[in-house]
Amino acid sequence: MALYKQHPGPSNRTAAAGYDENDPKRKAMRGALALPGLLLPLFLVLSRLSISSAASSKQEQVYIVYLGGHAGEKTKEAILEDHHALLLSVKSSEEEARASLLYSYKHTLNGFAAMLSTEEATELAERSEVVSAFRSEGRWAPHTTRSWQFLGFEEGLKGPDGSDWLPSLDKSSGDVIVGVLDSGIWPESRSFSDEGLGPVPARWKGVCQGGESLSSSSCNRKIIGARYYLKAYEAHYNGLNTTYAFRSPRDHDGHGTHTASTVAGRTVPGVSALGGFAAGSASGGAPLARLAVYKVCWPIPDNPNPNIENTCFEADMLAAMDDAVGDGVDVMSVSIGSTGTPLPFAQDGIAVGALHAARRGVVVSCSGGNSGPKPATVSNLAPWLLTVAASSIDRSFNSPIKLGNGVEIMGQTVTSYHVPGNKPYPMVYAADAVVPGTPANVSNQCLPNSLSADKVRGKIVVCLRGSGLRVEKGLEVKRAGGAAILLGNPPASGSEVPVDAHVLPGTAVSAADAKTILAYINSSSNPTAVLDPSRTVVDVRPSPVMAQFSSRGPNVLEPNILKPDITAPGLNILAAWSEASSPTKLEGDHRVVQYNIMSGTSMSCPHVSAAAVLLKAAHPDWSAAAIRSAIMTTATTNNAEGGPLMNGDGTVAGPMDYGSGHIRPNHALDPGLVYDASYEDYLLFACASGGSQLDPSAAPCPARPPPPYQLNHPSVAVHGLNGTVIVRRTVTNIGSGGGAARYAVVVDEPAGVSVKVSPRRLRFARAGEKRAFTVRIEATGGGVERGRFVAGSYAWSDGVHVVRSPIVVMVA
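Where an unreviewed UniProt entry is consulted, the protein appears under the name Subtilisin-like protease SBT5.6, with the organism given as Urochloa decumbens. Regarding the protein, the relevant UniProt record gives this comment under Sequence similarities (unreviewed entry): "Belongs to the peptidase S8 family."

In structure tokens form, the structure reads like this:
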């Protein structure tokens, strides 16, 4: 529930090893609780929990009362008293008002979280100084060795040992602080060693909270801050079950440790996943940067296995984001997204927190979600966020399969178990081996207690993805006595194969290979197969490829802003892991690992966060918008072989899949030109997009604000083109030469659309100089299907830099 005022004026939990993004059973479960999920395969999405219609309107819930921004004139004590006074206006006593307050947001955004009834929240929402009052809900969820080496290879970079590597600049990156909002951290991991690091930056104001299984002295010169937030969570669930989570910043889940080490883990030689897969040196993208951990995600206690899924409440996340800015972070990495229909920006906790962080120069990078390849599924949709899609790297885990008819198929797995004897084993299709009563539509899914032991004992069982967790399918085959699992892709997933550390021998195959295997089973009276051991293979081509699970555009909240913004490695990424969590997170899996392989936009997000850290180190005076622009305009739409980026199903990818393209961190360090935007620009954008003034202390919304596509953004999106639109942009010269520069534009027109850039040349006399230009976009009636997006681009070049912006147009 949200209580939102219109002011005058005209968008993961990524799956741990084994989630399945095409699981209708889980979608139905989430739908029963609330809204369908947006973020999937490997840390499944959580439901939006709402009040029953039969519940009394006097029942108190956690509400966020958002008041805009701080003018910087009041002390924290005075701000707190203002919040108490507002609460007292709807509460019966000062004691009740103070007891109801959970958080007072006082560093950047102005507001508070409190226990309120619907009537009290409505009354507060009607006050002139209140922008919105909205429920804090659990509709949010948490969406390597080779990945950084691969990025370095793409850019032709070499490390000091001769290997392909992305340099972390110099020790100046040790002055940059990255805040990670997630499920906590496992501080004992070698990835978080502080060996060789200098003193903590003097500007740091954060703290290290102790708690269960973690002392306040667990921080060091690498992990310089650690906090945890669960007031809203406990208000909803009436406490925390410490069987499944530590009441401290310690990570019980693994997701937070994985993302933190991806963005800023130290270089650790000789690591691998369970079974020796992906062996090599693990490193974050900014290994010298300092880490500040903000634990905001917790297990869902009413789930059958609370270890599997986490939820994150907006009130807790806003408190963390507010503290992070006050503590002194430079970059925030948020691998978290919402479920259900995206809410207006003023009711979106991450968007509100990130807006005020950007005002202080903090870059906020977020995962885009894991509900692809279905269109219009991307989340974290505000233009002041860096929204990240997921793509592959050049590594696979090949597992040969030899069918009894002589056909050889290449599967993929990181399962350390092997079928004994290296000999043929009989095969059975799961649909032919289920117990009576199993629904026909899921008979091939290997769901819990669905297989007949008499029919699968000692056999390789072929299961298909769809319903249920991938690793749970293996558990069911093991329960029924099967020798191994062979997991086939659904058609939507194409050739993209997330790998798992199954609890028995097993491998996974593409949709086409699954079809070949089933045809063989149906044609043979005695089908057999040999599963050979898996091995790690690098330099796989083509790469990168867009992950099918990665959520796609268009932006359903504001289609005149392209989302996602960028893509980065997110498929089968190795990084540090919590030793309190097994690699599969299944209740019966007691294996302990220090590093684990995961997939999802949760894994791609910290890659972009690390790039932002490197840019902050090199250019500490750049705004958050300039850093976002540098990352977006230097991206590539080609793979490592020079061909176009492809999707996992073999189709050519486009801006709705990858935004501006695949990240190139080294290119971003010297982008040539940037598109800058201010806090006031974002407020004006919000006036046009939904008609809301996000900060009452700022100028009121004009009667006719410029359309949303006029925001000075690094990409151009025009929704509902009818005739001609003139888009205005301004670029700032920050070329490496620092002086005079001349740029010319090259245009790639979308089909059926004319694009004219004026002027076609830009001249700069000095660094920091700005130049404005227009982009005239006109529908030419060239047979373009109405209601369908078409894509093109324009790019400025001075012979050294190429500053590219995608153009996406939907003709009305």
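Chemist: Hey, could you run me through the overall build of the protein in this one?
Modeler: Per the secondary structure count, the protein includes 17 helices and 39 strands. When burial is assessed residue by residue, the protein has 64% of its 812 residues classed as buried. Only carbon and sulfur atoms are counted for the fraction: they give 51% of the accessible area of the protein, which is about 27100 Å².

Chemist: Quick question: what am I supposed to make of the packing of helix H8 (residues 314–327) against helix H9 (residues 349–359) here?
Modeler: Two quantities define a packed helix pair, namely the angle between the helix axes and the distance between the axes. At a minimum axis distance of 9 Å, the contact between H8 and H9 shows a crossing angle of 10°. The orientation of H8 with respect to H9, classified from their angle, is roughly parallel. Along its contact with H8, which presents Glu-314, Met-317, Leu-318, Met-321 and Val-325, the element H9 presents Gly-349, Ile-350, Val-352, Gly-353, Ala-354 and Ala-357.

Chemist: Explanation requested: the nonpolar core in the structure shown.
Modeler: One broad trend across soluble globular proteins is that nonpolar side chains are buried collectively. Core analysis: the biggest nonpolar cluster contains 67 residues, and Met-332, Ile-336 and Trp-384 have the highest contact counts within it. Top contributing element to this core by residue count: H8, with eight residues. Once residues within four sequence positions are removed from consideration, Trp-384 is found in contact with Phe-345, Ala-351, Ala-354, Leu-355, Arg-628, Tyr-682, Phe-685 and Leu-694. Val-263, Ala-611, Leu-615 and Ala-668 belong to the second largest nonpolar core, which has 42 residues in total.

Chemist: What am I meant to see in the sheet that holds strand S33 (residues 724–733) here?
Modeler: Each strand in a sheet pairs with its neighbour through backbone hydrogen bonds, running either in the same direction (parallel) or in the opposite one (antiparallel). Taken in spatial order, the four strands make up an open sheet running S31-S33-S37-S35, and their pairing is antiparallel. Edge positions in the sheet fall to strand S31 (673–674) and strand S35 (753–758), since each of these pairs with one other strand and no more. Of the pairings in the sheet, the one linking S35 to strand S37 (residues 770–779) comprises six bridges and is antiparallel in character. Counterpart to Ser-754 in the pairing with S37 is Glu-778.

Chemist: Even after reading the chapter, I still don't get empty space enclosed by the protein, so can you show me in this structure?
Modeler: Using a probe with the size of a water molecule, rolled over the atoms, empty space left in the structure can be pinpointed. Put simply, the largest cavity is a space of about 100 Å³. Along the walls of the largest cavity sit 13 residues, with Ser-399, Tyr-417, Gly-506, Leu-531 and Asp-532 positioned nearest its centre. Split by residue class, the lining of the largest cavity holds five nonpolar, seven polar and one charged.

Chemist: Would you take a moment to explain the pattern of salt bridges for this structure?
Modeler: Scanning the model with the defined rule gives 27 salt bridges in all. A salt bridge links Arg-479 to Glu-476; the shortest N-O distance between them is 2.7 Å. Taken together, the residues Arg-479 and Glu-476, both in helix H11 (residues 470–479) and three residues apart, mark about one turn of the helix. On the accessibility criterion, Glu-476 (4% relative accessible area) is buried. Counted as one network, the salt bridges with shared partners bring together Glu-60, Lys-91 and Glu-120.

Chemist: Teacher, can you tell me more about the state of the cysteines here?
Modeler: What we call a disulfide is simply a covalent bond connecting the sulfur atoms of a pair of cysteines. Scanning the entire structure with this criterion turns up four disulfides. In the protein, numbering the disulfide-bonded cysteines from first to last in sequence yields the connectivity 1-2, 3-4, 5-6, 7-8. Looking at the unpaired Cys-366, the closest cysteine sulfur is the one in Cys-605, lying at 6.1 Å. Taking relative accessible area as the criterion, Cys-605 reaches 0% and is therefore assigned buried.

Chemist: So what exactly am I meant to see when it comes to the sheet that holds strand S38 (residues 789–797) here?
Modeler: An order of S32-S39-S38-S34-S36 is seen for the five strands of this open sheet, with the pairing classed as mixed. Single-partner strands in this sheet number two, and they are strand S32 (716–721) and strand S36 (761–764). This sheet shows a mean twist of 20° between the axes of neighbouring strands, independent of strand direction.

Chemist: I keep staring at the layout of surface pockets and nothing clicks. Help me out?
Modeler: Taken as a whole, the largest pocket encloses approximately 500 Å³ of empty space. Looking at the lining of the largest pocket, the elements that each hand over two or more residues are strand S18 (395–403), strand S19 (408–412), strand S23 (506–509), strand S26 (545–546) and strand S30 (646–647). Here the lining of the largest pocket is built from residues that sort into 12 nonpolar, 12 polar and five charged.

Chemist: Explanation requested: the packing of aromatic side chains in the structure shown.
Modeler: Here the distance between the centres and the angle between the planes together describe a pair of aromatic rings. Evaluation of the coordinates by the stated rule reveals 17 aromatic pairs. Taking 6.5 Å as the distance between ring centres and 70° as the angle between the ring planes, the aromatic pair formed by Tyr-675 and Phe-773 counts as edge-to-face. Of this pair, Tyr-675 sits in the loop between S31 and helix H17 (679–688) while Phe-773 sits in strand S37, and the two are 98 residues apart along the sequence. By the ring-pair criterion, three or more aromatic residues cluster together here, those being Tyr-228, Tyr-233, Tyr-237, Trp-298 and Phe-313.

Chemist: How should I be thinking about the side chain of Ser-365 in this particular structure?
Modeler: Mapped onto the fold, Ser-365 is located in strand S16 (residues 363–367). A polar contact of 3.3 Å, which involves the side chain of Ser-365, links it to the backbone oxygen of Cys-605. Once residues within four sequence positions are removed from consideration, Ser-365 is found in contact with Met-332, Ser-333, Val-334, Leu-386, Val-388, Cys-605, Val-608 and Ser-609.

Chemist: Which parts of the structure should I look at to understand the packing of H9 against H17?
Modeler: Interaxial distance between H9 and H17 falls to 9 Å at its minimum, and their mutual angle equals 150°. With respect to H17, the element H9 is oriented roughly antiparallel. Facing Leu-355, His-356 and Arg-359 of H9, the residues of H17 in contact are Tyr-679, Tyr-682 and Leu-683. Class assignment of the residues belonging to the contact of H9 with H17 gives a composition of four nonpolar, one polar and one charged.

Chemist: Looking at this structure, I do not really get the side chain of His-83. What am I missing?
Modeler: Secondary-structure assignment places His-83 in helix H2 (residues 76–88). Residue classification places His-83 among the buried residues on the basis of a relative accessible area of 0%. A polar side-chain atom of His-83 sits 2.7 Å from a polar atom in the side chain of Ser-104. If near-sequence neighbours (up to four positions away) are discounted, His-83 is found in contact with Leu-67, Ser-104, Tyr-105, Asn-110, Gly-111 and Phe-112.

Chemist: Looking at this model, I keep getting lost on unusual backbone geometry. Mind explaining?
Modeler: Peptide bonds are trans in most cases, and residues, glycine excluded, mostly fall at negative phi. Backbone torsion omega between Gly-553 and Pro-554 reads 10°, so that peptide bond is classified as cis. Structurally, Pro-554 is set in the loop between S26 and strand S27 (566–569). Backbone torsion omega between Ser-758 and Pro-759 reads -5°, so that peptide bond is classified as cis. Positionally, Pro-759 belongs in the loop between S35 and S36. Its identity is not glycine, yet Ala-278 carries a phi of approximately 60°, on the positive side. Looking at the secondary structure, you find Ala-278 in the loop between strand S9 (268–271) and strand S10 (280–282). On the basis of relative accessible area, Ala-278 is assigned to the buried category, the value being 1%. Positive phi values are uncommon outside glycine, yet Lys-585 reaches one of about 70°. Residue placement: Lys-585 occurs in the loop between strand S28 (573–576) and strand S29 (595–598). With a relative accessible area of 3%, Lys-585 lands in the buried category.

Procedures and definitions
Residues numbered from 1 in each chain as written. Predicted model: local features only at pLDDT ≥ 70, side-chain atom pairs only at ≥ 80, totals over all residues. Heavy atoms only, no water. UniProt positions renumbered as here; feature names shortened; annotations may be inferred. Helix = DSSP H or I, 4+ residues; strand = E, 2+ residues; numbered from the N terminus. Buried < 20%, exposed > 50% of the residue type's maximum accessible area, 1.4 Å probe, protein only. Areas by Shrake-Rupley, 256 points an atom, 1.4 Å probe, with all protein chains shown as cover. Axes fitted to C-alpha atoms, helices over the stretch in contact; angles between N-to-C directions. Parallel < 35°, antiparallel > 145°, perpendicular 65-115°, else oblique. Contact = heavy atoms within 4.5 Å. Core = buried A, V, L, I, M, F, W, Y, C linked by side-chain atoms within 4.5 Å. Pairing = 2+ DSSP bridges. 1 Å grid on protein atoms, 1.4 Å probe; cavity = no way out; pocket = protein on both sides within 12 Å on 5 of 7 lines; lining within 4 Å. Points joined across faces, edges and corners; volume = space filled by probe spheres on them. Nonpolar A, V, L, I, M, F, W, Y, C, P; charged D, E, K, R; others polar. Salt bridge = Lys/Arg side-chain N within 4 Å of Asp/Glu carboxyl O. Disulfide = S-S within 2.5 Å. Phe/Tyr/Trp six-rings, centres within 6.5 Å; stacked < 30°, edge-to-face > 60°. Polar contact = N/O pair within 3.5 Å; in protein donor to acceptor, adjacent residues only side chain to side chain.

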